[in-house]
Amino acid sequence: MKINKNFLDLEESYLFSTVNKKTREFAAAHPEADIIKLSIGDVTRPLCPAVIDAMHKAVDEMADEKTFRGYPPEQGYDFVRQAILEHDYLNRGIELKLDEIFLSDGAKSDCGNIGDIFATDNTVAICDPVYPVYIDTNIMNGRKDKIIILPCSAETNFLPELPAPGSAVPDIIYLCFPNNPTGTVASKEYLKKWVDYANANHSLILYDSAYEAFITDGKYPKSIYEIEEAKSCAIELRSFSKTAGFTGLRCGYTVVPHDLVFDGTELNKLWFRRQSTKFNGVSYITQKAAEAVYSIEGQKQIQDNLSFYRENAKIIFEGVKAAGFKAFGGEYSPYVWLKIPEGFTSWSFFDELLEKCNVVGTPGSGFGKMGEGYLRLTGFGSRERTLEAVERIKKTFSK
Ligand code: MLT
């Protein structure tokens, strides 16, 4: 028996596991410390009442032989996919079909699993800094030497530049906007350049828009399909985690348009084959919860929560600026990307913040080499703890 040696090419542990371990060790050594976690982007507001009501009803249906449900349809029930289709696409002028939407247990799984349907010798362009799942899952699939890093720095507002003419053309391009970790948003004009590039080179864009709900300005696209001709070059990954607080419930979806044809084969067919073989669907109760997000009350209630998190991000952004830090993001994103003071590395500043303020952030270098010198804070905490964290930061670091 041999192991998949690609796993040995990974960092010892997943970024957020390392952050948690260090936090636990600090807590054990300092039992008196009142630690505030602004590290992983995990929500803290309870699920909204419309979602809870729908789940209660679904539980009752499961208790009755006449309404009980077993395995769900492979791509998800029509009722939820229809709601997604209408609300997230048709009503926004984007033509898609029901069978182009695949419900799943979240965008993290999908963005990791989608690699199954691509050849291992594809080259893959990935931004740096980046959500570590893109890199790690490509390494697991044996594409370690196929990764082309797209460096993102403050000079370009953390937007990756297109590969220079004459340089290697990536087969697959990962893009994420609003961006995790930098909080940057992309304009339609900017994304159009990537769509044109991908179509011209027959590359595939994997567009992660898990944070689209944070966009409040119509000039920024929520979906890659707002860009003309994106359906022939892009898969879109979406999540209910940040939109509706489903981090613990688990639901997301992936859009694979029929227009995506590579090697004479529709990717939609391959993804259907992959999902129907390796995944048995999202529970009925969760699908009912997801449907309720699109009800009139559900929409109002999730917007209240989203405004709450946006306000937290604003409090962090303004607070760290007042403490003398340079900061990015925090406007159409729950994340604030903080430039750390000279003399620190991302990890040594993580320690400093933990020791001096008892606040946990995520070291920028955990998102890639270009993240060195930065630290990410999240707006998903409670208001009280966010305000407290910002006060401690201001007290400690203001000159
Ligand atoms: C993050 O903190 O980057 C996210 O919560 C991770 C995730 O969505 O899996």
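What comes next concerns the included structure. These figures come from a predicted structure and were not determined experimentally.

### Considering helix α5 (residues 132–140)
Of all nine residues in α5, eight are buried; the element is thus mostly enclosed. For α5, the set of buried residues is Pro132, Val133, Tyr134, Ile135, Asp136, Thr137, Asn138 and Ile139. Structurally, α5 contributes buried residues whose contacts are with α1 (15–29), α4 (107–113), β3 (124–128), β4 (147–151), β5 (172–176) and β6 (204–208). Backbone geometry just downstream of α5 places Gly142 in the positive-phi region, at approximately 90 degrees.

### Comments concerning the nonpolar core
One finds Ile205 and Phe246 to be the most contacted residues of the largest nonpolar core, which totals 126 residues. Per-domain counts for this core show at least three residues from each of domain 1 (5–46 + 298–397) and domain 2 (49–295). Setting aside chain neighbours within four positions, we find Phe246 in contact with Leu47, Val51, Phe240, Ser241, Cys251, Thr286, Ala289, Ala290 and Val293.

### Observations regarding the pattern of salt bridges
Here the structure, examined in full by the defined rule, presents 20 salt bridges. The closest approach of N and O atoms between Arg274 and Asp116, which form a salt bridge, is 3.0 Å. Remark: Asp116 occurs in the loop between α4 and β3 and Arg274 occurs in helix α8 (residues 267–278); sequence separation between them is 158 residues. In this structure, the salt-bridge partner of Lys278 is Asp116, at a minimum N-O distance of 2.9 Å. In this pair, Lys278 sits in helix α8 while Asp116 sits in the loop between α4 and β3, placing the two residues 162 residues apart along the sequence.

### So, the site of the ligand
As a structural note, the neighbourhood of the ligand is formed by Phe16, Ile40, Gly41, Lys108, Tyr131, Asn180, Tyr211, Lys242, Tyr335 and Arg376. Tyr131 has a polar side-chain atom sitting 2.5 Å from an oxygen atom of the ligand. Between the ligand and Asn180, the relevant distance is 2.8 Å, taken from an oxygen atom to a side-chain nitrogen or oxygen of the residue. Calculation on the ligand without its partners gives an accessible area of 270 Å², and the protein chains cover 87% of this total. Partitioned by chemical class, the residues of the shell around the ligand number five nonpolar, two polar and three charged. Residue contributions to the shell around the ligand reach at least three from each of two domains, namely domain 1 (5–46 + 298–397) and domain 2 (49–295).

### Section: the sheet that holds strand β11 (residues 326–329)
What holds strands together in a sheet is hydrogen bonding between their backbones, with the strands either parallel or antiparallel. Spatial strand order, β11-β12-β15-β14: four strands in an open sheet with antiparallel pairing. Edge positions in the open sheet fall to β11 and β14 (362–363), since each of these has one partner strand only. With respect to the sheet, helix α11 (residues 346–357) is in contact with β12 (335–339), β14 and β15 (374–378), its orientation differing from that of β15 by roughly 45 degrees.

### Focus: the environment of His87
Structurally, the position occupied by His87 is in helix α3 (residues 78–89). Judged by relative accessible area, which is 30%, His87 ranks as partly exposed. The sequence separation of His87 and Tyr294 amounts to 207 residues, and the corresponding C-alpha distance is 7.1 Å. Beyond its immediate stretch of four places on either side in the chain, His87 contacts Arg92, Tyr294 and Gln299. Polar contacts involving the side chain of His87 include one to the side chain of Gln299, which spans 3.1 Å.

### Some thoughts on the pairing of β12
On a regular strand, one side chain projects to one face of the sheet and the next to the other, so that they alternate. Of all five residues in β12, four are buried; the element is thus mostly enclosed. Pairing of β11 with β12 involves four bridges; the strand directions are antiparallel. Bridge pairing in β12 links Lys326 to Lys339. Here β11 folds back onto β12 in antiparallel fashion, the turn holding five residues, of which Gly330 has a positive phi close to 75 degrees. One ladder, built from five bridges, connects β12 with β15; its direction is antiparallel. Paired with Val336 across the two strands is Leu377, which belongs to β15.

Rules and cut-offs
- Residues numbered from 1 in each chain as written.
- Predicted model: local features only at pLDDT ≥ 70, side-chain atom pairs only at ≥ 80, totals over all residues.
- Heavy atoms only, no water.
- Buried < 20%, exposed > 50% of the residue type's maximum accessible area, 1.4 Å probe, protein only.
- Helix = DSSP H or I, 4+ residues; strand = E, 2+ residues; numbered from the N terminus.
- Contact = heavy atoms within 4.5 Å.
- Core = buried A, V, L, I, M, F, W, Y, C linked by side-chain atoms within 4.5 Å.
- Domains from an automatic or database assignment.
- Salt bridge = Lys/Arg side-chain N within 4 Å of Asp/Glu carboxyl O.
- Near = heavy atom within 4 Å.
- Polar contact = N/O pair within 3.5 Å; in protein donor to acceptor, adjacent residues only side chain to side chain.
- Areas by Shrake-Rupley, 256 points an atom, 1.4 Å probe, with all protein chains shown as cover.
- Nonpolar A, V, L, I, M, F, W, Y, C, P; charged D, E, K, R; others polar.
- Pairing = 2+ DSSP bridges.
- Axes fitted to C-alpha atoms, helices over the stretch in contact; angles between N-to-C directions.

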